[in-house]
Amino acid sequence: MITIDHVSRSYGDVRALDDVSIQVGRGEIFGVVGQSGAGKSTLLRLVNAIERPDSGSVVVDDVELSALQGRELRAARHRIGMVFQHFNLVGNRTAAQNVEFALEAVGRTRGDRKREARDMLDLVGLAHRADAYPSELSGGQRQRVGIARALASKPDVLLSDEATSALDPETTRQILALVQRLSADLGLTVLLITHEMEVVKQICDGAALLESGRVVEQGPLLDLVNTPGSRLAHDLFPLGEAPDLPGFGILDLTFAGGEAERPTIALLARDLGLDVSILGATIETIGGQQAGRTRLAIPGGGEATAQAVTFLAERGVRAEAVSSR
Amino acid sequence: MIDVTDPAFWPDFLEVLGKGTLETLWMTSVAMLITIVIGLPLGILLVGTEEGGFLGASTRRGRILNQVLGFIVNLGRSVPFIVLMIALIPFTRWLVGSFIGTGPAIVPLTVVAIPFFARVVEIAVKEVDAGLFETADSLGATRWQLVRRVVLPQALPSIVLGVATTATSIINFSAMVGVVGGGGLGNVALTYGLHRYSWAHIIAVIVILFVLVQLIQWGCNALARRLDRSRGRSRALPAHRPPDPAAV
Ligand SMILES: Nc1ncnc2c1ncn2[C@@H]1O[C@H](COP(=O)(O)OP(=O)(O)OP(=O)(O)O)[C@@H](O)[C@H]1O
Ligand SMILES: [Mg+2]
């Protein structure tokens with residue numbers, strides 16, 4: 001659905017994007033994470049051609065965007081909605097009028113605009129606040145208006161630039177759940193950028209890590225979790241600093257997919273006769289499958305730890321020795 | 001000399017002031033109306049055609065237009081009114097057939113007010129959050145839709161306040177027009193106050209002008225407050241407020 005192909009973009013000496021390639025499939029929710037200044041916003045704005053690449057191409061729904069101008073560009077943008085961190089609502093117009101603006105841009109008649117705007121606000125659960133001004137709405141409600149406006153033209157793609165960063169955790173969860181529901185109901189492809197791993201964990205199917213304008217890692221979340229040394233996986237399931245336990249080896253296990261359901265640790269303790277203790281664990285559901293990490297302390301020297309790693313590897317569980325002494 | 005105890009004085013006094021006030025009101029409203037019609041688009045164009053402005057004028061045409069407009073506006077603002085008025089006499093005569101009287105006075109008044117008002121509009125439009133332009137682009141809106149549905153609603157409260165300032169200047173200048181036979185309250189002050197030493201007329205003119213300016217200011221303030229919906233809760237609770245750790 002979205003194909004970003006070898007795209008570079010510089011501002012003067014700053015290489016905001018450096019040979020970036022990302023593909024997002026139809027109906028997928030894809031997250032881009034990275035530190036401030038990594039080039040996330042620049043990347044997102046290439047997708048609706050607010051920003052143009054110096055080289056490379058951006059194709060959305062088989063349309064090469066970087067080539068479009070004028071009327072054709074506007075038509076292409078009607079197929080791509082965008083939501084913003086600070087909502088970007090027109091303060092002197094009501095929620096309904098803000099949504100109507102998007103419909104006017106598509107060329108709907110006045111009567112249709114009124115009706116469809118109400119429908120869109122209904123879709124995001126805000127029909128009762130249609131005549132409120134943005135200043136009379138909470139942050140979460142404002143973002144709902146933003147989403148209703150972005151989706152009013154019935155686009156195939158939704159772009160989100162830190163849409164939940166100005167919201168508290170509970171409101172963030174609600175907005176993400178709404179985006180997920182809409183994506184499923186409307187078959188929307190979502191490209192979102194965020195600096196919060198929680199967001200990726202909650203709704204993304206795939207993710208990319210951007211660093212100084214380069215893609216460091218990318219792929220479906222489950223694949224990333226299974227990739228040894230994946231920084232995204234590490235950030236998704238943080239276990240913190242390894243503790244210093246003399247006489248113990250520390251092992252980090254990564255589960256993904258079916259293994260999480262099998263009693264692997266119990267088997268390890270029984271078959272190898274080790275008094276394994278669990279130091280920490282995080283388990284999440286990613287794409288309907290269990291995935292997570294567990295940190296174990298294995299008594300004995302490096303030999304026992306190595307034995308455990310082999311035992312686990314034979315059973316399809318990846319284990320990394322964090323420290324062993 | 002004027003004798004206020006003369007029974008003939010008061011009816012004449014009221015008639016002169018009434019006529020002067022009406023003339024001033026007429027000149028000011030017509031000049032203001034034309035000023036808005038020309039100055040509003042001019043001010044929007046001035047901002048929109050700037051480098052990186054929302055009318056997308058990184059083109060040569062946009063840059064040239066911006067410079068020409070900026071030059072005209074600055075020229076209009078830097079020439080003293082009295083000089084402008086004299087310089088405009090041939091133009092006024094060509095346009096309305098004469099340069100003396102209330103009608104012709106509207107021409108220089110409008111010409112002086114347009115650049116002033118265009119700058120007022122320019123400042124108001126510059127206050128509009130740039131994020132909204134990007135948003136309109138992302139929605140695939142036309143430039144006209146952007147101006148009509150985003151720029152104008154957001155800039156209108158400041159523009160209305162600017163109308164008050166501009167109308168006040170027009171009233172000021174209209175008094176000067178009176179000095180060269182333009183009619184209005186300025187002419188009353190001149191013919192009765194200066195030539196016939198009537199303090200009563202001068203004081204009345206001052207009071208009427210003061211009341212007019214006050215009324216315009218009050219009216220515009222009230223209207224601007226009604227149009228500005230971004231006040232209220234949003235001021236105390238900015239959208240970009242970082243989460244307060246103490247509140248968790
Ligand atoms: N219009 C611009 N002009 C000049 N430099 C720019 C411009 N836009 C972005 N940059 C630069 O490009 C780099 C990437 O910026 P970008 O906004 O994409 O980062 P980001 O990952 O979105 O950061 P943040 O998380 O802080 O929003 C930064 O170094 C920034 O200074
Ligand atoms: Mg950004």
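Only a predicted model underlies this, so the values are computations on that prediction, with no experimental measurement involved.

What counts and how
Residues numbered from 1 in each chain as written. Chains lettered and ligands numbered in written order. Predicted model: local features only at pLDDT ≥ 70, side-chain atom pairs only at ≥ 80, totals over all residues. Heavy atoms only, no water. Helix = DSSP H or I, 4+ residues; strand = E, 2+ residues; numbered from the N terminus. Buried < 20%, exposed > 50% of the residue type's maximum accessible area, 1.4 Å probe, protein only. pLDDT = per-residue confidence, 0-100. Near = heavy atom within 4 Å. Polar contact = N/O pair within 3.5 Å; in protein donor to acceptor, adjacent residues only side chain to side chain. Areas by Shrake-Rupley, 256 points an atom, 1.4 Å probe, with all protein chains shown as cover. Nonpolar A, V, L, I, M, F, W, Y, C, P; charged D, E, K, R; others polar. Arc of directions from axis to C-beta. Contact = heavy atoms within 4.5 Å. Pairing = 2+ DSSP bridges. Axes fitted to C-alpha atoms, helices over the stretch in contact; angles between N-to-C directions. UniProt positions renumbered as here; feature names shortened; annotations may be inferred. Core = buried A, V, L, I, M, F, W, Y, C linked by side-chain atoms within 4.5 Å. Buried area = accessible area lost by both parts, 1.4 Å probe. Salt bridge = Lys/Arg side-chain N within 4 Å of Asp/Glu carboxyl O.

**Some remarks on unusual backbone geometry**
Residues and elements named next belong to chain A.
And step 1. Backbone geometry places Asp-62, a non-glycine residue, at a positive phi of 65 degrees.
And step 2. Structurally, the position occupied by Asp-62 is in the loop between strand E4 (55-60) and strand E5 (63-64).
And step 3. With a relative accessible area of 75%, Asp-62 lands in the exposed category.
And step 4. For Lys-154, which is not glycine, the phi torsion reads 55 degrees and is therefore positive.
And step 5. As for its placement among the helices and strands, Lys-154 is situated in the loop between helix H5 (139-151) and strand E7 (157-161).
And step 6. What makes Lys-154 partly exposed here is its relative accessible area of 48%.

**Observations regarding the confidence of the model for chain A**
And step 1. In this model, chain A carries an average pLDDT of 88, and 97% of its residues clear a pLDDT of 70 or more.
And step 2. The weakest mean pLDDT in chain A belongs to strand E14 (residues 318-324) of chain A at 72; the strongest belongs to strand E6 (residues 80-83) of chain A at 96.

**Notes on the site of ligand 1**
Residue and element names in this part refer to chain A.
And step 1. Taken together, Tyr-11, Val-14, Ala-16, Gln-35, Ser-36, Gly-37, Ala-38, Gly-39, Lys-40, Ser-41, Thr-42 and Glu-162 form the complete shell of residues around ligand 1.
And step 2. One nitrogen or oxygen atom from the main chain of Gly-39 is found 3.0 Å from an oxygen atom belonging to ligand 1.
And step 3. A distance of 2.7 Å is found between an oxygen atom of ligand 1 and a side-chain nitrogen or oxygen belonging to Lys-40.
And step 4. Surface burial for ligand 1 is 58%, taken as the share of its 630 Å² of free accessible area covered by protein chains.
And step 5. When residues in the shell around ligand 1 are grouped by element, the largest group, three residues, is from helix H1 (residues 40-47).
And step 6. When grouped by side-chain class, the residues that make up the shell around ligand 1 number four nonpolar, six polar and two charged.

**Looking at helix H10 (residues 264-272) of chain A**
Because the α-helix completes a turn every 3.6 residues, residues three or four places apart line up on one side.
Residue and element names in this part refer to chain A.
And step 1. Those residues of H10 not exposed but buried are Thr-264, Ile-265 and Leu-268. Projected down its long axis, H10 carries its buried residues within an arc of 100 degrees, all on one side.
And step 2. Those residues of H10 that are buried are in contact with strand E11 (248-256), strand E12 (277-286), strand E13 (289-299) and helix H11 (302-314).
And step 3. Among the residues trailing H10, Gly-273 stands out with phi positive, at a value near 60 degrees.

**Remarks on the sheet that holds strand E9 (residues 206-211) of chain A**
Residue and element names in this part refer to chain A.
And step 1. Spatial ordering of the open sheet is given by E6-E7-E8-E3-E9-E10, a layout of six strands whose pairing is mixed. On the outer flanks of this sheet lie E6 and strand E10 (214-220), each paired with one strand and no other. Averaged over all pairs of adjacent strands, the angle between their axes in this sheet comes to 15 degrees, without regard to strand direction.
And step 2. Across five bridges, E7 lies against strand E8 (residues 189-194) in parallel orientation. Note that in E8 the partner of Leu-158 across the bridge is Val-190.
And step 3. The sheet contacts of H5 involve E6 and E7, and relative to E6 the element is tilted by about 165 degrees.

**Observations concerning the UniProt feature "domain: ABC transporter" (unreviewed entry) in chain A**
And step 1. Residues annotated in UniProt with the feature "domain: ABC transporter" (unreviewed entry) correspond here to residues 2-237 of chain A.
And step 2. Each end of residues 2-237 of chain A is marked by a C-alpha atom, and these two atoms are 28 Å apart; helix forms 39% of the span and strand 27%.

**Thoughts on the nonpolar core**
And step 1. Leu121(A), Ile147(A) and Phe54(B) are the most contacted members of the largest nonpolar core, which totals 96 residues.
And step 2. Among the elements that make up this core, the one with the highest residue count is helix H7 (residues 143-179) of chain B (twelve residues).
And step 3. Excluding residues that lie within four positions of it along the chain, Phe54(B) makes contacts with Ile44(B), Val47(B), Gly48(B), Val125(B), Phe133(B), Arg143(B), Leu146(B), Val147(B) and Val151(B).
And step 4. The next biggest cluster of nonpolar side chains, apart from the first, holds 31 residues, and it includes Ile4(A), Val60(A), Leu159(A) and Ile193(A).

**What about the interface of chain B and chain A?**
And step 1. Across the boundary between the two partners, chain B contributes 29 residues, which contact 31 residues of chain A.
And step 2. Between chain B and chain A, a total of about 2,700 Å² is buried, with carbon and sulfur atoms accounting for 54% of that surface.
And step 3. Broken down residue by residue, the surface that chain B buries against chain A is led by Leu139(B), Arg149(B) and Arg229(B), which jointly contribute 27%.
And step 4. Joining chain B to chain A, the criterion identifies three salt bridges.
And step 5. Two residues, Arg149(B) and Glu104(A), come together in a salt bridge whose shortest N-O distance is 2.6 Å.
And step 6. There are twelve residue pairs in polar contact (both at pLDDT 80 or more) connecting chain B and chain A.
And step 7. For the side of chain B that touches chain A, the elements supplying multiple residues, two or more each, are helix H6 (130-138), H7 and helix H10 (233-236) of chain B.
And step 8. Here the residues of the side of chain B that touches chain A sort into eleven nonpolar, ten polar and eight charged.

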